[in-house]
Amino acid sequence: MNVNPYPFMPELSMFLIITLLFVQAVGSERMRHKVGVWLPIASLLPIVVSLFSLGQEGLFFHGAYQVDPLSQFFKVAIAIGFSVTVFNASRQPTLLDENRSDYFLFLSISGWGLMMLASSVELITMYLALELSSYALYAIIALRAKDRGAAEAAIKYIMFGAVSTAVALYGFSYILAGMHTTYLADLVQKTWSFEAAPMAVTGMALFLLGMFYKLALFPFHFWCPDVYEGASNETAAFVATLPKLGAVVILIRLAAMFKPGYDITTVIAVLGALSMTFGNLAALAQQDVKRILGYSSVAHAGYIMIGLISGTAEGLAAASFYALAYVAMNLTCFWVVSRVSVDGRNLQLDDLNGLHNRAPALAFALAVGAFALVGLPPMAGFMGKLFLFSSGWNHGYNWLIIIAGINTAISIYYYLGMVRHAYTKEAVEGTPLPDTSAFSFAGAALLSLLVLGLGMMPAGVFDFALKVGSVVP
Amino acid sequence: MQEFAYPVLTVLVFFPLLAAVGLFFLKGDNTIRVYTLGVSIIELVLSFPLFAGFELESAAFQFVERMDWVRQWGVEYYLGTDGISFLMVVLTIVVLPLCVLCSWTYIQTRVKEFHFCLLFMTAACVGVFTALDLVLFYVFWEAMLVPMYLLIAVWGGPEKRYASLKFFLYTLAGSALLLVAIVAFRVAGGTFAIPELMEQNFTFNFQFWAFLALALAFAIKVPMFPFHTWLPAAHVQAPTAGSLILASVLLKMGTYGFLRFNLPLTPAASEYFAPLMIAISIAGILYGGIVALGQNDIKKVIAYSSVGHMGFVTLGIFLFNQRGLEGALFQMLNHGITTGGLFMMIGAVYERSHSRDLDDNLGLGKYMPAYMFFWGLFALSSFGFPGTNSFVGEILVFVGAFEQNPWIGALMVPGAMVAAAYMLRVSLKLAWGRPISWKEWPDLNLREWSYLVIPAVFVLYIGLAPGLCFKVMDASLIKLEKDVKEGAKIVAMEKENAAQVSANLALNSLKGIIK
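Residues numbered from 1 in each chain as written. Chains lettered and ligands numbered in written order. Predicted model: local features only at pLDDT ≥ 70, side-chain atom pairs only at ≥ 80, totals over all residues.

Moving on: the overall build of chain B. Assigned secondary structure in chain B consists of 22 helices and two strands. Over its C-alpha atoms chain B spans a radius of gyration of 22 Å, differing by no more than 12% from the 24 Å that the globule rule assigns to 515 residues. Across its three principal axes, chain B shows a C-alpha extent of roughly 75 × 55 × 50 Å. Relative to its full complement of 515 residues, chain B shows a buried share of 58%. In chain B, the proportion of contacts linking residues at least 24 apart, taken out of those at least 6 apart, comes to 81%. (Helix = DSSP H or I, 4+ residues; strand = E, 2+ residues; numbered from the N terminus. Rg over C-alpha atoms; globule rule 2.2 N^0.38 Å. Buried ≥ 20, exposed ≤ 12 C-beta atoms within 10 Å, placed from the backbone. Contact = placed C-beta atoms within 7 Å.)

Written out as structure tokens, the structure is:
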């Protein structure tokens with residue numbers, strides 16, 4: 001078979017990194033320690049490549065693999081997220097030297113799997129890509145020195161993951177039996193009301209359950225705060241962001257089936273409402289910064305649902321934009337968390353005290369990230385929310401948008417709590433100083449610029465997101 | 001379309017922001033103070049074309065600047081000012097140098113950040129008053145929350161944590177549904193541009209809910225009676241400059257919102273809810289006054305008096321007649337000048353006695369005559385003594401109220417009397433109490449003179465010659481009144497029974513959920 005390699009350049013560039021890491025991982029002892037030097041720079045390659053291949057389109061491998069604006073948009077997002085997490089993790093204090101190359105190998109395999117997930121348009125392909133990205137993650141969550149909490153988190157993640165994958169696979173079989181095809185292009189043509197196709201709808205519900213687990217949507221979120229808390233800060237930064245992108249991309253591909261008025265759409269809307277409310281309420285009571293971010297991601301999964309259920313191209317575009325903004329905001333917060341926690345421990349809110357004069361750039365980045373997560377203008381989160389609300393209004397789920405509005409008011413308390421500790425309290429003598437190197441400040445500045453830029457000049461990015469939205473029939 | 005050498009409003013919004021960034025390159029606390037003062041004066045100079053070019057007879061928006069921001073959603077960068085917002089913009093710009101001057105010695109820690117917050121606030125406030133795009137308005141509206149929060153939370157008094165959180169949570173909770181309302185306006189009206197939305201007539205049902213969502217945000221900001229509890233806490237804990245901005249500018253945003261959004265966009269619903277709004281305004285006037293009477297903390301007295309004064313403003317707005325609207329706008333301006341002045345006076349005496357308790361500041365009249373002169377002037381103005389600025393505003397609201405319904409006017413009278421009672425009580429003690437805590441405090445110095453003379457001049461100027469202000473606001477207010485009356489009439493046919501409508505709506509949305 002003659003395959004033109006250009007459409008796959010982002011995947012291939014990731015794969016190149018993986019092979020290099022693999023050589024290093026099986027190579028001599030001495031080679032393994034050298035990862036920190038070249039990998040961060042190499043991780044910029046997929047960004048460049050995926051930006052260049054934004055315009056590619058095509059359908060490959062018997063219609064199972066589609067390269068289109070949707071997949072390319074998310075590949076850029078994944079590449080950026082991957083690069084930031086690699087930079088972030090390159091100074092990981094709780095990662096043993098002998099594990100270094102393995103850690104990054106798994107990290108890049110996971111990113112690679114997500115990239116392929118973005119292009120999958122057939123259920124079995126989707127499943128394979130998804131598992132590729134998940135299995136790699138199972139391994140790296142436990143890699144946190146000799147921490148027992150990390151082992152516990154890893155086991156939780158595996159157990160939850162295995163069960164949900166099994167359920168999703170079970171759902172596949174129902175869809176296949178009910179609709180006689182696994183190609184999304186054919187599946188979206190069918191009628192997805194329970195009356196017309198009870199078996200397939202049941203199967204789809206089971207499959208969605210698996211996706212909601214990835215996205216940590218209520219009530220499939222129980223793993224999320226625990227895993228964030230147990231995993232090292234840098235690993236949590238990856239787990240909190242990139243797999244969410246993968247889940248969103250699949251949900252967008254499936255969204256053509258969620259016409260307003262179907263049972264399944266209403267169920268998603270209700271879950272979205274519960275998810276945002278529960279996530280925000282639970283976060284109010286947390287002291288651990290990573291647990292706060294964990295519950296906040298549960299809430300944000302709920303917000304994204306607004307775009308998915310609107311059933312319009314704008315809605316899907318808004319959801320893609322919000323997913324991108326979410327990754328940027330969360331990585332900003334995690335960057336600060338990882339830099340403040342110089343010894344790799346879990347940060348409590350009190351550990352942020354006095355950040356404003358100990359590391360002004362980090363304090364500023366934290367404020368930008370946290371306020372963006374609330375949805376305060378002019379940050380990315382606000383624009384994302386505005387797009388979501390505008391696209392969702394008058395499509396039958398106005399109550400969901402009102403609940404989302406009220407949730408903003410609930411969530412401000414804990415996000416403000418982080419900023420409050422950083423800006424209005426003074427540090428106790430003797431607490432370790434945060435990382436104030438140029439590396440740490442440059443990262444903070446770049447990420448805050450990204451978040452502010454997405455909020456103030458969203459037009460260009462959104463243009464592309466609109467193309468994303470129109471991909472889905 | 002007027003022509004100017006530079007886009008005036010944009011410059012007024014972004015110059016303080018740029019200048020704020022410049023702060024980071026400066027060293028030394030005094031350099032920063034002088035720099036910020038310089039910036040504030042340049043800002044005043046930059047606003048000159050506003051005075052030179054403002055057309056008094058025109059009710060249209062002036063100094064309009066318009067371009068695309070996010071084309072796909074129709075979000076625009078759209079600025080402009082008219083008779084309603086013009087005075088508020090001027091007030092905001094004038095308050096900035098006063099803020100710098102009155103915190104010259106008051107603020108000793110984290111001076112750079114403090115002035116950063118001040119400049120940021122000014123930019124956001126000018127933005128709020130000039131934005132003609134709903135999203136842009138919302139951006140500025142929320143942007144000013146963070147610096148104000150920091151002003152209270154970092155440089156505030158002993159209870160600052162409680163006060164600042166309460167301020168932030170209340171205001172943000174109010175504006176959460178504002179965003180939903182903005183989106184709903186866009187979907188119903190097809191644009192975010194306010195002037196275009198004013199042309200349209202929305203169904204009564206829509207207006208009903210939109211009014212409630214908008215009113216919640218604005219009522220909290222004003223603050224109207226049941227939502228006022230954040231205000232005394234915030235005022236008492238905030239540093240002097242914080243109280244000044246809060247009283248002079250921030251509270252006005254709430255009433256400005258009523259004038260700019262509720263009345264023209266939801267006229268029928270405004271008329272429908274007017275009795276309720278009038279009732280809680282009167283409740284606010286009486287409640288604020290009576291509670292102020294019982295306070296021993298001077299700042300609390302002024303804080304509660306703000307609740308009362310702002311009650312006059314909202315009352316004037318919902319009378320829907322020319323006198324009421326004029327009175328409301330005047331009262332907004334006057335409250336900014338007078339209460340701002342009083343807060344600066346409290347700051348000045350606090351720097352001497354380190355207490356805001358009435359009993360620690362007795363008998364100042366004997367030793368600090370200049371201080372008592374200014375206090376007396378602002379106090380007289382505060383309860384609307386003839387010849388001062390507040391008299392003009394209050395009498396207009398009174399006239400409007402009696403025009404509308406004598407009972408409303410009658411209910412306001414005790415409110416005005418209580419105002420005199422609590423101001424006189426405080427002033428009496430300050431001036432002629434037995435001085436038990438006095439320790440060789442110096443009278444006002446040059447810096448204090450300079451920042452008190454400015455509001456004092458305005459107190460007398462507006463009090464004695466209010467003609468110019470009338471000219472500025474009249475054209476826009478006449479148009480507003482006409483629009484409201486007409487808009488309400490067009491939609492009046494639909495609203496046979498609003499309770500029924502809302503019940504139906506609730507039922508429908510329930511059905512939607514079940515379906």
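Now for the overall build of chain A. What chain A contains, in helices and strands, is 21 helices and two strands. On C-alpha atoms alone, chain A measures out to a radius of gyration of 21 Å, which is about the 23 Å that the 2.2 N^0.38 rule sets for 473 residues. Along the three orthogonal principal directions, the C-alpha set of chain A runs to about 65 × 55 × 40 Å.

For the rest of this paragraph, the subject is the environment of alanine 459 of chain A. Within the element layout of this structure, alanine 459 of chain A appears in helix 21 (residues 459–471). Residue alanine 459 of chain A is classed as partly exposed on the basis of its 15 C-beta neighbours within 10 Å. For alanine 459 of chain A, the residues in contact, after removing those within four places along its chain, are Val70, Arg71 and Gln72 of chain B.

In this structure, proline 219 of chain A follows phenylalanine 218 of chain A across a cis peptide bond, with omega equal to 0°. Among the structural elements, proline 219 of chain A can be located in the loop between helix 10 (198–215) and helix 11 (223–230).

Moving on: the packing of helix 4 (residues 83–102) of chain B against helix 12 (residues 240–265) of chain B. Residue and element names in this part refer to chain B. Between helix 4 and helix 12, whose axes approach to 9 Å, the crossing angle comes to 170°. Taken together, the axis directions place helix 4 and helix 12 in an arrangement best described as roughly antiparallel. Of helix 12, the residues touching helix 4 (which contributes Ile84, Ser85, Met88, Leu91, Thr92, Val95, Leu98, Cys99 and Cys102) are Thr240, Ala241, Leu244, Ile245, Ser248, Val249, Lys252, Tyr256, Leu259 and Arg260. When the residues that make up the contact of helix 4 with helix 12 are grouped by side-chain class, the tally is 13 nonpolar, four polar and two charged. (Axes fitted to C-alpha atoms, helices over the stretch in contact; angles between N-to-C directions. Parallel < 35°, antiparallel > 145°, perpendicular 65-115°, else oblique. Nonpolar A, V, L, I, M, F, W, Y, C, P; charged D, E, K, R; others polar.)

Residues and elements named next belong to chain A. Ranked by size, the top nonpolar core spans 371 residues in total, and within it Ala328 and Leu366 carry the most contacts. With 20 residues, helix 15 (residues 313–340) is the largest single contributor of residues to this core. Sequence-distant contacts of alanine 328, that is, excluding residues within four places in its chain, are made with Ala380, Leu447, Leu450, Val451 and Leu454. (Core = buried A, V, L, I, M, F, W, Y, C linked by C-beta atoms within 7 Å.)

With 28 residues of chain B in contact, the opposing surface of chain A contributes 29 residues. Secondary-structure elements contributing two or more residues to the side of chain B that touches chain A are helix 6 (134–143), helix 7 (145–155), helix 8 (160–189) and helix 22 (498–514) of chain B. Counting residues per element, the side of chain B that touches chain A draws most heavily on helix 8 of chain B, at twelve residues. When its residues are assigned to classes, the side of chain B that touches chain A shows 22 nonpolar, three polar and three charged.

Every α-helix winds through 3.6 residues per turn, so residues three or four apart in the chain are directed the same way. Residue and element names in this part refer to chain B. Under the 1.5 Å per step criterion, the end-to-end length of helix 1 (residues 8–22) is 21 Å for 15 residues, consistent within 8% with the ideal 21 Å. Of all bends in helix 1, the biggest is about 30°, found at phenylalanine 14, and the proline proline 16 comes one to four residues later. Of all the residues in helix 1, the buried ones are Val8, Leu9, Leu12, Val13, Pro16, Ala19 and Ala20. Taken together, the buried residues of helix 1 touch helix 2 (29–46), helix 3 (48–53), strand 1 (62–70), strand 2 (75–81), helix 4 and helix 5 (111–130). (Expected span 1.5 Å × (residues − 1). Bend = angle between axes of the 7 residues up to and from the residue.)

Residues and elements named next belong to chain B. Relative to the 22 Å expected for 16 residues at 1.5 Å per residue, helix 18 (residues 389–404) spans 23 Å between its end C-alpha atoms, a close match to the ideal helical length. Among the residues of helix 18, Asn389, Ser390, Phe391, Val392, Gly393, Glu394, Leu396, Val397, Phe398, Gly400 and Ala401 are the ones counted as buried. Check the buried side of helix 18 and you find it contacts helix 14 (298–317), helix 15 (322–353), helix 17 (369–382), helix 19 (406–432) and helix 20 (446–464).

Residue and element names in this part refer to chain A. Considering the arrangement of structural elements, one finds threonine 182 in the loop between helix 8 (148–179) and helix 9 (184–187). The exposure class of threonine 182 is partly exposed, given the 18 C-beta atoms found within 10 Å. Measuring from C-alpha to C-alpha, the distance between threonine 182 and isoleucine 41 comes to 39 Å, with 141 residues separating the pair along the chain.

Our focus in this paragraph is the packing of helix 14 of chain B against helix 15 of chain B. All names here are of chain B. Contact pair helix 14 / helix 15: the axes reach a minimum separation of 8 Å and the direction vectors enclose 170°. As summarised for this structure, helix 14 and helix 15 are arranged roughly antiparallel, according to the angle between their axes. In this structure, helix 14 uses Ile298, Lys299, Ile302, Ser306, His309, Met310, Phe312, Val313, Gly316 and Ile317 to contact helix 15, whose residues at the interface are Gly324, Leu325, Gly327, Ala328, Gln331, Met332, His335, Thr339, Leu342, Phe343 and Ile346.

So, on to the pairing of strand 2 of chain B. Residue and element names in this part refer to chain B. In terms of residue burial, strand 2 counts as a mostly covered element, since five of its seven residues are buried. Summarising the sheet, strand 1 and strand 2 pair through six bridges and their orientation is antiparallel. Across the sheet, the residue bridging to arginine 66 is tyrosine 78, located in strand 2. Linking strand 1 to strand 2, which pair antiparallel, is a turn of four residues; within it glycine 74 sits at a positive phi near 70°. (Pairing = 2+ DSSP bridges.)

Right, let's get into the confidence of the model for chain A. Predicted confidence across chain A gives a mean pLDDT of 84, with 97% of residues reaching 70 or more. Within chain A, the lowest mean pLDDT, 70, falls on helix 2 (residues 29–32) of chain A, and the highest, 90, falls on helix 17 (residues 360–374) of chain A. (pLDDT = per-residue confidence, 0-100.)

Let's shift gears to the confidence of the model for chain B. Per-residue pLDDT for chain B averages 86, and the proportion of residues at 70 or more is 95%. Interface confidence in the predicted complex, given as ipTM, is 0.87; pTM for the same model is 0.89.

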